[in-house]
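The primary structure of each chain is shown beneath.
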Amino acid sequence: GSLGHPQNLKCVTHNLHKMVCAWDVSSRRRHGQTDFCYTTKLWSLKQKRMKLSLVQTSLRERGFVFQLAKHPLIISQYRRGIVFLMFTPATPRILSLTPDFSTSTLSLKWSDSGSVFPYGLDAFWQIQVLRKETMEKVTEVTYHSKLTHEDIVLSWNWTSDLPLECMSHYVKIRCYINVTQFVGLKDWSDWSPVEVIHGKDTDPSGSGVFPLDTVVAVGSDVTFCCVHEEGQNITNMTYGSKPYPMIQLSSRSNAIRVLNASASDTSGTNVVCRFNNGMLEGTVLFVGYAPDTPQNLSCETPNFRIIKCTWKPGRPSGLYGKRRTKYSLFERTSGKNVSCEVNEMNRERVCGFPVMPDQKIYDFILGVSNPIGQTESSLLVDITQRVHPKTPEKLTVSGNNSTSVHLRWFINGSFAEIRLLCQIEISSGHSEEKLHNVSMRGGKLSAYTAQLNALHPYTKYQFRVRCSAADHFWRWSDWSRIEEYTTSEA
Amino acid sequence: MAGADSPSAALQRRDLCARGIRLAGKMRADVVDLLEAYAERQGLDASASVAAVEGVPAAAVERWDEQTGTQRLVENLAAYRAFRALLAQMLEEHREQLGEADAALGRALAAVLLQVSAFAYHLEELLRLESRGPPAEEEEEDEEEEEEADGPPPQPLGLFEQKLRGLGVLRELAQWAVRSARDLRQLAKPSPGSGSA
């Protein structure tokens, strides 16, 4: 431009209320003044920058920017110019960047400063994750949100393929807002200052193998790194007993990548980093399966005091101790939740749930979880139709006369809610076993009796008894012990 | 040891020493078996080099010949009390990490812990015979007070470090069993000046 005139005038607004204009002045005319005229006002200025309010009324008319373009800003008495007002959002503010080392996840939170803008605008957030001091870009995502005329805290999670301890991670964010009623130039905001999560390789005393004692599913690919102190040299890194090629991440951090990990032993697979001074550092990886959905979930009551649920667990998870698969039984009607004590080494799975007062229908959800996954099975059951009494005890036989006997036995449990059906097996040396069915009212912790007639005099008999629910048969109890009795002579 | 022994005390000490030597021999054999099983089940190289494990008294001792009988017994007792605590911790960690999954290793660990406890009790018997009595065991609280004085509790060990520490504890225990047998043989010698205070 001509000598000494203000050059490169740029006007930017971050919020459509205020704008900041800035221009250059050639060095030979630095101490002079610039006259700045906008709409009907004129300012005479020493500095090269000016903040002023935008004319709100015209902003709300679609044509404002067009009008600006037609009615040039009078830059100075001697120079007319045209400026295209640029809209760029203010630089976003990162509120927090939180690492979860156990899952190698970064959690980013920032404010969308939505209160500045009208309702419902589309906002786009570009987030970059970088690594190493050289800020190598690892990932860049664009995240969309709607502004709601309030300042909302937004969050975004990112899971690294590399343990966060292995090297420093940096995050920055910028934003683009589609201000529909402003048809002038729009651009991305500036990048926010970077937030950093330091790797252990920047901690003078930081050392170790990472991730530390983690659990993954069979078939996973896992990257391990060995962070060592200055001056130490790694001779090799092994997974289980197999050495792996090392990848240098930084001067104090080397990594190996294990692909398609297979199930580990009960004590886990050791990942060992050997140093030239003979010392070892290591971590343990547990590789297993998410729990299978329990099959054949079945619940019954032996005594109307406890409900016993059993199920088939499916494929073993391969995880033990505090990482084992855990079961809990939740009953929707009562809202009660019971955690089940299960021995992972034996295949049978049983869980007890208390019978609730005045409740017959139970809506069970068996929840199953381990560090790799979770699942559940459900069952709706009327326990009066799922009675599996305990073995009858203390069976006694007494004689009335030479052809009839009186049997008495005891069943532990309270069956007052139902009728019982009991079956008596009668056997004697010289005739086939006979079964005699008898039904009776259930009692509470009580004894039951039956009379058998038409027996042979002076004959040795063996009796045993089992019981079940009379109205809704579910399962017989086990047989009682056999009781022998010889009828009296005729 | 206090003054020359009476014949019955000397006899009793020799008997206790003889039984102690047998206990140490049995313990050593069991510890060596356990060490092998432990290394294999934990996926470790049995010959892996392990840094000195904190809280494990070293079996190697300088000028072993010059030690008095009481010194031998006191050092042995301190070592086996330390091993008792360390093995109890290993057993707890085993249950937490493996639950029922490796019950055999758990039983073997518990068996060695039992032997170590029995051996410690045996040493206390010998010290009582010295009419000196065993030093009182440091109460749990004392240790906690020390920890508070030293600042925040140490970072929990990673599992691999736990495994290595277990290896180090069992190795050192096997060495101690050898040393204890030698110490008890020394104590059992009839000469009047044998290791008395």
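Residues numbered from 1 in each chain as written. Chains lettered and ligands numbered in written order. Predicted model: local features only at pLDDT ≥ 70, side-chain atom pairs only at ≥ 80, totals over all residues. Heavy atoms only, no water.

By the naming in an unreviewed UniProt entry, chain B goes by Ciliary neurotrophic factor and is assigned to Furnarius figulus. Its UniProt record gives chain B a comment under Subcellular location (unreviewed entry), which states: "Cytoplasm". In the Function (unreviewed entry) part of its UniProt record, chain B is described as follows: "CNTF is a survival factor for various neuronal cell types. Seems to prevent the degeneration of motor axons after axotomy." (UniProt positions renumbered as here; feature names shortened; annotations may be inferred.)

Draft legend 1. A look at the overall build of chain A. Scanning chain A from N- to C-terminus turns up two helices and 39 strands. Taken over the C-alpha trace, chain A has a radius of gyration of 41 Å; the compact-globule value for 490 residues is 23 Å, which it surpasses by more than 25%. Each principal axis of the C-alpha distribution contributes one length, and for chain A these read about 145 × 70 × 30 Å. For chain A, the residues scored as buried account for 45% of the 490 residues in total. The long-range fraction of contacts in chain A, counting pairs at least 24 apart against all pairs at least 6 apart in sequence, stands at 64%. Carbon and sulfur atoms make up 49% of the accessible area of chain A, which amounts to about 25,100 Å² in all. Positive and negative side-chain charges in chain A, numbering 55 and 44 respectively, have mean positions lying 9 Å apart. (Helix = DSSP H or I, 4+ residues; strand = E, 2+ residues; numbered from the N terminus. Rg over C-alpha atoms; globule rule 2.2 N^0.38 Å. Buried < 20%, exposed > 50% of the residue type's maximum accessible area, 1.4 Å probe, protein only. Contact = heavy atoms within 4.5 Å. Areas by Shrake-Rupley, 256 points an atom, 1.4 Å probe, with all protein chains shown as cover. Lys, Arg positive; Asp, Glu negative; His and termini not counted. Charge placed at Lys NZ, Arg CZ, Asp CG, Glu CD.)

Draft legend 2. Region of interest: the packing of aromatic side chains. Residue and element names in this part refer to chain A. Applying the stated rule across the entire model yields 17 aromatic pairs over all chains. Between Y461 and F463, the ring centres sit 5.8 Å apart and the planes meet at 25 degrees, which makes this aromatic pair stacked. Across the pair, exposure class does not vary: Y461 and F463 are buried alike. For K172, the ring lying beneath its charged end belongs to W191, and the centroid distance is 4.9 Å. (Phe/Tyr/Trp six-rings, centres within 6.5 Å; stacked < 30°, edge-to-face > 60°. Lys NZ or Arg CZ within 6 Å of the ring centre and 35° of its normal.)

Draft legend 3. Local environment of the nonpolar core. Y80, F83, L87, V116, V169, L173 and L184 of chain B are the most contacted members of the largest nonpolar core, which totals 53 residues. Within the residue set of this core, elements represented by two or more residues are β25 (280-288) of chain A together with α1 (7-41), α2 (69-98), α3 (103-129) and α5 (159-188) of chain B. By residue number, the principal contributor to this core is α5 of chain B, which donates 14 residues. Among all residues touching Y80 of chain B, those that are not within four sequence positions of it are M27, V116, F119, A120, L123, L173, W176, A177 and S180 of chain B. (Core = buried A, V, L, I, M, F, W, Y, C linked by side-chain atoms within 4.5 Å.)

Draft legend 4. The arrangement of the pairing of strand β29 (residues 336-340) of chain A in detail. All names here are of chain A. One ladder, built from five bridges, connects strand β28 (residues 326-331) with β29; its direction is antiparallel. Its bridge partner being in β29, L329 is matched across the sheet by V338. Turn length for the β28-β29 hairpin, with the two strands adjacent in sequence and antiparallel, is four residues, and the turn residue G335 shows positive phi of about 75 degrees. (Pairing = 2+ DSSP bridges.)

Draft legend 5. The packing of α2 of chain B against α3 of chain B, seen in detail. Residue and element names in this part refer to chain B. It is the contact of α2 with α3, at a shortest axis distance of 9 Å, that shows an interaxial angle of 155 degrees. The angle between α2 and α3 falls in the class roughly antiparallel. Along this stretch, α2 crosses α3, giving a crossing that reads as left-handed. Classifying every residue of the contact of α2 with α3 by side-chain character gives 20 nonpolar, five polar and three charged. (Axes fitted to C-alpha atoms, helices over the stretch in contact; angles between N-to-C directions. Parallel < 35°, antiparallel > 145°, perpendicular 65-115°, else oblique. Left-handed = near helix turned anticlockwise from the far one by under 90°. Nonpolar A, V, L, I, M, F, W, Y, C, P; charged D, E, K, R; others polar.)

Draft legend 6. How the structure looks around the interface of chain A and chain B. The partner chain B presents 21 residues to the 22 residues of chain A that form the contact. Where chain A abuts chain B, roughly 1,600 Å² becomes buried across the two surfaces, and 56% of that area is made up of carbon and sulfur atoms. When residues of chain A are sorted by the area they lose upon contact with chain B, S267, N270 and L280 of chain A head the list and together hold 29% of the total. Our enumeration of links across chain A and chain B arrives at one salt bridge. In this structure, E96 of chain B and K322 of chain A form a salt bridge, with 3.6 Å as the shortest nitrogen-oxygen distance. Here chain A is connected to chain B by nine residue pairs in polar contact (both at pLDDT 80 or more). Within the residue set of the side of chain A that touches chain B, elements represented by two or more residues are β24 (269-275) and β25 of chain A. In terms of residue class, the side of chain A that touches chain B is made up of eight nonpolar, nine polar and five charged. (Buried area = accessible area lost by both parts, 1.4 Å probe. Salt bridge = Lys/Arg side-chain N within 4 Å of Asp/Glu carboxyl O. Polar contact = N/O pair within 3.5 Å; in protein donor to acceptor, adjacent residues only side chain to side chain.)

Draft legend 7. How the structure looks around α5 of chain B. End to end, α5 of chain B covers 43 Å across 30 residues, agreeing with the expected 44 Å (1.5 Å per residue, within 8%). Of all the 30 residues making up α5 of chain B, 22 are buried; the element is thus mostly covered by neighbouring parts of the structure. (Expected span 1.5 Å × (residues − 1).)

Draft legend 8. Structural detail: the sheet that holds strand β31 (residues 361-370) of chain A. Residue and element names in this part refer to chain A. Read from one edge to the other, the open sheet built from four strands follows the order β29-β28-β31-β32, with strand pairing classed as antiparallel. Sheet topology places β29 and β32 (373-382) at the edges, where each strand pairs with a single neighbour. Within this sheet the neighbouring strands show an average axis-to-axis angle of 20 degrees, counted without direction. Here 10 bridges tie β31 to β32, and the two strands are oriented antiparallel to one another. By the bridge assignment for β32, G367 is matched with E376.

Draft legend 9. Inspection of the environment of E331 of chain A at higher detail. Assignment of secondary structure puts E331 of chain A in strand β28. Along the primary structure E331 of chain A and L380 of chain A are separated by 49 residues, whereas in three dimensions their C-alpha atoms are 9.5 Å apart.

Draft legend 10. Just a negative patch on the surface, in detail. Together, D265 of chain A together with D33, E36 and E40 of chain B make up a region of like negative charge exposed at the surface. Positionally, D33 of chain B belongs in helix α1. (Patch = residues over 30% accessible without salt bridge, like charges linked within 9 Å, V, L, I, M, F, W, Y side chains within 5 Å.)

Draft legend 11. Structural detail: a positive patch on the surface. Together, R305, K308, K390 and K444 of chain A make up a positively charged patch on the protein surface. As for its placement among the helices and strands, R305 of chain A is situated in the loop between β26 (295-300) and β27 (306-312).

Draft legend 12. Structural detail: the packing of α3 of chain B against α5 of chain B. Residues and elements named next belong to chain B. The contact between α3 and α5 brings their axes to 13 Å, and the two run at 30 degrees. With respect to each other, α3 and α5 are oriented roughly parallel. For the crossing formed where α3 meets α5, the hand is left-handed. Seen from α3, the contacting residues are V112, V116, F119 and L126; seen from α5, they are L173, S180 and L184.

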